[in-house]
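Chain residues, written in single-letter form:
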Protein chains: 2
Amino acid sequence: MKKEFNRRITLTEKEMPTAWYNIQADIEDLPQYLHPETLQPICEADLAPIFPPEIIKQELSKERYIEIPEAVQDIYHTYRPSPLHRAYGLERVLDTPAKIYYKYEGGNATGSHKLNSAVPQVYYNKIAGIKRLTTETGAGQWGAALSMACDHFGIESMVYMTKNSFVNKPGRRTFMSAFGGNVVASPSQLTKAGRDVLAKDPECGGSLGIAISEAVEDALSRQDTNYALGSVLNHVAMHQTIIGLETQKQFEKIDEYPDVVIACVGGGSNFAGLTFPYMRDKLAGKANPRIIAVESTAAPSLTKGVYAYDFTDVGHMCPVAKMYTMGASFMPKGTHAGGLRYHGMNPIISKLYHDKMIEAVAYDQYDTLSAGLLFSRAEGIVPAPESTHAVKGAIVEALKAKEEGVAKTIVFCLSGHGYFEMYAYDALLKGQLGDSSTDEQSVAIDALPKV
Amino acid sequence: MKKEFNRRITLTEKEMPTAWYNIQADIEDLPQYLHPETLQPICEADLAPIFPPEIIKQELSKERYIEIPEAVQDIYHTYRPSPLHRAYGLERVLDTPAKIYYKYEGGNATGSHKLNSAVPQVYYNKIAGIKRLTTETGAGQWGAALSMACDHFGIESMVYMTKNSFVNKPGRRTFMSAFGGNVVASPSQLTKAGRDVLAKDPECGGSLGIAISEAVEDALSRQDTNYALGSVLNHVAMHQTIIGLETQKQFEKIDEYPDVVIACVGGGSNFAGLTFPYMRDKLAGKANPRIIAVESTAAPSLTKGVYAYDFTDVGHMCPVAKMYTMGASFMPKGTHAGGLRYHGMNPIISKLYHDKMIEAVAYDQYDTLSAGLLFSRAEGIVPAPESTHAVKGAIVEALKAKEEGVAKTIVFCLSGHGYFEMYAYDALLKGQLGDSSTDEQSVAIDALPKV
């Protein structure tokens, strides 16, 4: 057997990119956000009650590159640059001529890419004088990342965690507590939104929609408190571009350029993170990689939703965005990929998909967790349920390459590990996985705002 | 603030050492193993029923360096070389002039250093034609590592997992199943040893001693089956020296040499792994670092045991060794550091401690988990309960350096992460940690073999 080196292509801290890529600079005619009450284009002032000035600026900015503050780089250095792995083991199992690479974002304490945006968000709030941040968390990765970043910068954190997760994921909950985070099961008695739900249904297991409403209500009620979001919005997507910018440098080192770029999508943050720098090359005509978004059949906004203006939150407190959506009141079935259950999609990804610059595909959790199991055994890393969607996408493309006899180069984002989600694999191994696919009639687009 | 680079000192795969260091070459008068029945020195044939030829050779070898087989190097490359981290965050929190470094072994799928020995052990069994391996596991790290290595080489694995862990750690159990491992709660109905215990106490929660007996009995009963041990023996310690050999190369890169080298000890494998290459320098008179073993007060064999010949297993089926021991029938109290509850100690570490080449200290789980929590918040990695002992040792030394106003260089082994053991931190945060310290009267050295 030929000796296989370069299993992990690494960068030194000094080689880490020092600016994020803001794709808004390269996209024309991006639909504006609308105010959820007036349905008129929003201005910076509309966002000021919950976001700090720099985040608002970034959300609406047209500058191509935005420098990463030194204090943020400093924390990035504790876990970045992250490695780009060559998946020799997976290639062997699939017996494919394709070269498969994955960018692994699970190497930090929170176990996912979420920290990439939590750190700058907390930093910008800190320098704006904010003392306290609220957020929601479903799967728990975002809450963990925000707690950790808040702990670092000395800001209080308040995480509304969907009650089902709160009960079933004690490990994630303890993690947040260990980093000084306040965690409460949502719906809670702390907000009107929570109390209203509990009055109707004291046993309610919670939903991301309710948790967002609680977190935003909390932030609006206190002068010293802002709100932080872990996906969907443009500034979050931009912070994540550090993933793709590093990946490009790593491929340069081995003189390769991928033919296919793949990531899973829920709200869109890790997908944007890996693919936007490649989209930059594609928009500039420098390269033409296929870019594939893999969503869950539980919330297939790209493949089954509509492209329309919709509310980004259930409580209608956040901006209205033109995006692919299942409808803001859409209730996805239960799935182990809690991070892929969002009803909408980042507006830029939505536009790029509408413009046919991106492909999309949806897989059921049985298929993705099976792919995750295959990957685990071949590569020795257990992927988070969300990340198994990207794994599945890569396997499908690698097998296609085999069928065609073409030695394609495929890269995907392994956005996080699954140590806290082993019960999902347990359900798979025991044949107890439920069908999480959405049926047509549950799409809830009859309540779209009349724009 | 000065920009802090070199937080992670890395090596390329090509820089990974290609031979293990066998400290037996440099130690004279190492007491021989004795046969558990005859109490006469054992020969290779005595070990043949449960170990393959190459492992037996390594266990008794006097060669200074033993080459790492290519097939083993190949798997090492999937997660090695592991990074050496500079603990800037911890230094800042402690306000110490000491430079603190840690070698992080939690970056592979099994989450600890155990894979370093599981891979070669399975490999040598594979080339010896063995089809099936048995082992015991308490905390779960070793069982996970063995399952994964067996899966890679296509060998069946059978893990006897102490029943309490089996029930309380479903994540670890699923992990082993995901890698094709057979896991059974011990005591089980599958062996005479297990049935005997269950006949007396059907509710027995199991112990490492019982699980070892079951695994060895199983291996002895089948021609195609061997047994694998995760610590204590010399070949295991030697496989782990890849940790210290890499660390030395990493320090060379930044032109440093540590003054203090620290690791936690249970059976001794991660301790041997980090420190034996430094002991080599010390024995050769090339350097004189302090080498500190940190044990749990639950099983403080070095600080409270005796140096004597004792059985290495409860069932008296394995070799008798001269070592520091609490007595083979010693029952430690419950503690969250399941990997540090062994009654004895690797014989070489024991001799070196007896010869005053090593220092030892024991800490209670409250102190160590508190240190682990401090470390988590400062460094962004949550240590395994076992590893928090090394963290505590390093903090004590760093604070001593501060008191003395000396800029010492300290390195310790962060042997694994604690994602599967968050309940230990939960107990700490809730003030529910029990006292795990051993009282004098529980030392069980009245049953030592009469040598």
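Residues numbered from 1 in each chain as written. Chains lettered and ligands numbered in written order. Predicted model: local features only at pLDDT ≥ 70, side-chain atom pairs only at ≥ 80, totals over all residues. Heavy atoms only, no water.

## Some points on the overall build of chain A
What chain A contains, in helices and strands, is 18 helices and 15 strands. For chain A, the spread of C-alpha atoms along the three principal axes comes to 65 × 50 × 45 Å. Across the 451 residues that make up chain A, the buried fraction comes to 67%. Partitioning the contacts of chain A with sequence separation of at least 6, the portion at a separation of at least 24 is 77%. Within the structure as shown, chain A displays about 15,600 Å² of accessible surface, and the carbon and sulfur contribution to it stands at 51%. For chain A, the centre of its 44 positive side-chain charges and the centre of its 52 negative side-chain charges are spaced 4 Å apart. (Helix = DSSP H or I, 4+ residues; strand = E, 2+ residues; numbered from the N terminus. Buried < 20%, exposed > 50% of the residue type's maximum accessible area, 1.4 Å probe, protein only. Contact = heavy atoms within 4.5 Å. Areas by Shrake-Rupley, 256 points an atom, 1.4 Å probe, with all protein chains shown as cover. Lys, Arg positive; Asp, Glu negative; His and termini not counted. Charge placed at Lys NZ, Arg CZ, Asp CG, Glu CD.)

## Details of the pairing of strand 13 (residues 320–325) of chain B
Residues and elements named next belong to chain B. Along strand 13, five of the six residues are buried, which leaves the element largely enclosed by surrounding structure. Of the pairings in the sheet, the one linking strand 12 (residues 306–311) to strand 13 comprises six bridges and is antiparallel in character. By the bridge assignment for strand 13, Phe311 is matched with Val320. (Pairing = 2+ DSSP bridges.)

## What to know about the interface of chain B and chain A
The interface of chain B with chain A comprises 46 residues on the first partner and 47 residues on the second. Both faces considered, chain B and chain A share a buried interface measuring about 3,800 Å² in area, 54% of it formed by carbon and sulfur atoms. Area buried by chain B at its contact with chain A is led by Arg8, Arg377 and Tyr419 of chain B, which between them contribute 17% of it. In this structure, the connection of chain B to chain A is made through four salt bridges. Across the pair Asp151 of chain B and Arg377 of chain A runs a salt bridge, and its minimum N-O distance is 2.5 Å. (Buried area = accessible area lost by both parts, 1.4 Å probe. Salt bridge = Lys/Arg side-chain N within 4 Å of Asp/Glu carboxyl O.)

## What about the environment of Arg341 of chain B?
Residue and element names in this part refer to chain B. Note that Arg341 resides in the loop between strand 13 and helix 15 (347–354). With relative accessibility at 25%, the residue Arg341 sits in the partly exposed group. Sequence-distant contacts of Arg341, that is, excluding residues within four places in its chain, are made with Ala299, Pro332, Lys333, Gly334 and Thr335.

## As for the relation of the copies chain B and chain A
Between the two copies, chain B and chain A, the superposition gives an RMSD of 0.0 Å; the rotation angle is 180° and the shift along the axis is 0.0 Å. Interpreted geometrically, this transformation is the action of a two-fold axis. The share of interface residues of chain B whose copies in chain A are also at the interface is 100%, consistent with both copies meeting through the same surface. (Least-squares fit on C-alpha atoms with pLDDT ≥ 70 in both.)

## A word on the pattern of salt bridges
Here the structure, examined in full by the defined rule, presents 46 salt bridges over all chains. Between Glu397 of chain A and Lys400 of chain A there is a salt bridge, with its nearest N and O atoms 3.1 Å apart. Taken as a pair, Glu397 of chain A and Lys400 of chain A lie in helix 17 (residues 387–404) at a separation of three residues, close to a single helical turn. A salt bridge links Glu105 of chain B to Arg80 of chain B, with the nearest nitrogen and oxygen atoms 2.7 Å apart. Note that Glu105 of chain B is positioned in the loop between strand 5 (99–104) and helix 5 (115–127) and Arg80 of chain B in the loop between helix 3 (70–76) and strand 4 (84–86), a separation of 25 residues in sequence.

## Here we look at unusual backbone geometry
Omega for the bond connecting Arg80 of chain B with Pro81 of chain B falls within 30 degrees of zero, at -15°, which places this linkage in the cis form. Of note, Pro81 of chain B is situated in the loop between helix 3 and strand 4. In this structure, the amide linkage connecting Ser186 of chain B to the following residue, Pro187 of chain B, adopts the cis form with an omega of 5°. Along the chain, Pro187 of chain B falls in the loop between strand 8 (182–186) and helix 9 (192–200). Positive phi, close to 70°, is recorded for Val232 of chain A, a residue that is not glycine. Within the secondary structure, Val232 of chain A sits in the loop between strand 9 (225–227) and helix 11 (234–239).

## Comments concerning the sheet that holds strand 8 (residues 182–186) of chain A
All names here are of chain A. The sheet built from four strands is open, its strands ordered 8-7-6-9 with parallel pairing. Here the strands that pair on one side only, and so sit at the sheet edges, are strand 8 and strand 9. Along the sheet, successive strands turn relative to each other by an average axial angle of 25°, direction set aside. Bridge count for strand 7 (residues 156–162) against strand 8 is five bridges, and the pairing is parallel. Bridged to Thr162 within strand 8 is Ser186. Sheet strands in contact with helix 6 (residues 141–153) are strand 6 (132–137) and strand 7, and its direction is about 165° off that of strand 6. (Axes fitted to C-alpha atoms, helices over the stretch in contact; angles between N-to-C directions.)

## Let's talk about the packing of helix 9 (residues 192–200) of chain A against helix 10 (residues 208–221) of chain A
Residue and element names in this part refer to chain A. Between helix 9 and helix 10, the shortest axis-to-axis distance is 8 Å and the interhelical angle comes to 140°. Two secondary-structure elements touch here, helix 9 through Lys192, Ala193, Gly194 and Val197 and helix 10 through Ile210, Ser213, Glu214 and Glu217. Grouping the amino acids of the contact of helix 9 with helix 10 by side-chain chemistry returns three nonpolar, two polar and three charged. (Nonpolar A, V, L, I, M, F, W, Y, C, P; charged D, E, K, R; others polar.)

## Digging into the domain arrangement of chain A
Residues and elements named next belong to chain A. Its domain assignment divides chain A into domain 1 (70–111 + 235–438) and domain 2 (115–229). A C-alpha centroid distance of 24 Å is found between domain 1 and domain 2. Each partner contributes to the interface: domain 1 provides 28 residues, whereas domain 2 provides 26 residues. Taken over both partners, the interface formed by domain 1 and domain 2 buries close to 2,300 Å², and the fraction arising from carbon and sulfur atoms is 67%. Seen at the junction of domain 1 and domain 2, the total is two salt bridges. In this structure, Glu421 engages Lys169 in a salt bridge whose closest nitrogen and oxygen atoms are separated by 2.9 Å. In this structure, the connection of domain 1 to domain 2 is made through nine residue pairs in polar contact (both at pLDDT 80 or more). Mapped onto the side of domain 1 that touches domain 2, the elements with two or more residues apiece are helix 3 (70–76), helix 11 and helix 12 (242–253). By residue number, the principal contributor to the side of domain 1 that touches domain 2 is helix 3, which donates four residues. (Domains from an automatic or database assignment. Polar contact = N/O pair within 3.5 Å; in protein donor to acceptor, adjacent residues only side chain to side chain.)

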